[in-house]
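Summary of the model geometry
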Amino acid sequence: MNVELDADDALALLASLRRMGLVGVDEVPRLTPLTGGVSSQIVRADTARGTVCIKRALAKLKVAAQWLAPLERNTAEVAWMKFASTLVPGFVPQIIAEDQTVRAFAMAYLDPENYRVWKDELLDGIANTDTARQLGARLAAIHQASAANDELARTFATDASFFALRLEPYFLATAAANPDCAAELIRLSEETAATKRALVHGDVSPKNILIGPAGPVLLDAECAWYGDPAFDIAFCLTHLLLKCVWLPEATLRFLACFDALNDAYFAGVAWENPADVEARAARLLPALMLARVDGKSPVEYLKTPEELERVRRFAKPFIVDPPKTLDAIRDRWNKERV
């Protein structure tokens, strides 16, 4: 076993691999921790049958603030990935096996040589509009196929997990840090929780998107929830705007991705009036921007007081008086860069 992995964790993962039937009784595969988000343990397992990726949910997330989340989210993640794979082949890694005993599952390992993390490209100033366009179209396809589906609504009635992973740490924690717009953030949290339209991924972040030979691959569906699809598009667009603060010289390229993602997504919205979805997304986006500097999961690449204050100064007026369109936010952001 890899020495970088805690011995107890290694033994637990080995037992899990055996329960899933992926290693023999006497086989001890090499286990290598992988970098990832804050909510799960992600490990590469090199077994006699081949390499797989094991993911196990954590009860306490790896952030400075106290942040707990239900382990049941692991089941919802697998269900979301299986559903998405039937609609857009190749959009998610193949699920190989599950182990409900420790809330773990095994999926196909995607070699970094062939699958580059989109966040890494963006932070290098590489902004491919084809990736953004494909992502927007694929998200819309999943939302469209899942809209007004009572069975999926029952399967993904994961309100407790979504509250613990998104509404409380993003909106309510941010409200506590910003009394001048707290009422609006609390109301937004409540209204988002009550909006049930389609199947939501909940973490469409560039760190969870790989660029593969057949287009973007979406990972980490732990926040899967039957709710407001506007959350997904707003969540991803938020990151494209924040990257402009990190790398100002690439702003126009990031905004081109913003436009491509936005246009492709709304071209596929047919389950309700696109203007209604966009209005909700336009309300969510500035709140998410503020949350990524003042919530429980701040982006790690914005650090200076000037960078943080720029985001606060921009986002708060839109939280208090939200526009109806995403372009209104995008255009103001572009004007304020000069």
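See above for the structure.
Residues numbered from 1 in each chain as written. Predicted model: local features only at pLDDT ≥ 70, side-chain atom pairs only at ≥ 80, totals over all residues. Heavy atoms only, no water.

1. Re the pattern of salt bridges
The final tally for this structure, using the stated rule, is 24 salt bridges. One salt bridge in this structure joins K296 and E168, with 3.1 Å as the shortest N-O distance. Of this pair, K296 sits in the loop between helix 10 (274–294) and helix 11 (305–320) while E168 sits in helix 6 (residues 159–177), placing them 128 residues apart in sequence. In this structure, E272 engages R280 in a salt bridge whose closest nitrogen and oxygen atoms are separated by 2.9 Å. Relative accessible area serves as the criterion here: at 15%, E272 is assigned to the buried category. Residue R280 is classed as buried on the basis of its relative accessible area of 18%. Through salt bridges with shared partners, a single network forms among K55, E77, D220 and E222. (Salt bridge = Lys/Arg side-chain N within 4 Å of Asp/Glu carboxyl O. Helix = DSSP H or I, 4+ residues; strand = E, 2+ residues; numbered from the N terminus. Buried < 20%, exposed > 50% of the residue type's maximum accessible area, 1.4 Å probe, protein only.)

2. A few points about the nonpolar core
Ranked by internal contacts, the top residues of the largest apolar core, which has 94 residues, are W80, W118 and F171. If you tally residues by element for this core, the top one is helix 8 (residues 230–246), at 12 residues. Ignoring any residue separated from it by four or fewer positions in sequence, one finds F171 in contact with R166, L185, L188, S189, F231, L284, A287 and L288. Ranked by size, the runner-up nonpolar core spans 14 residues in total, among them V43, A45, I54 and A97. (Core = buried A, V, L, I, M, F, W, Y, C linked by side-chain atoms within 4.5 Å. Contact = heavy atoms within 4.5 Å.)

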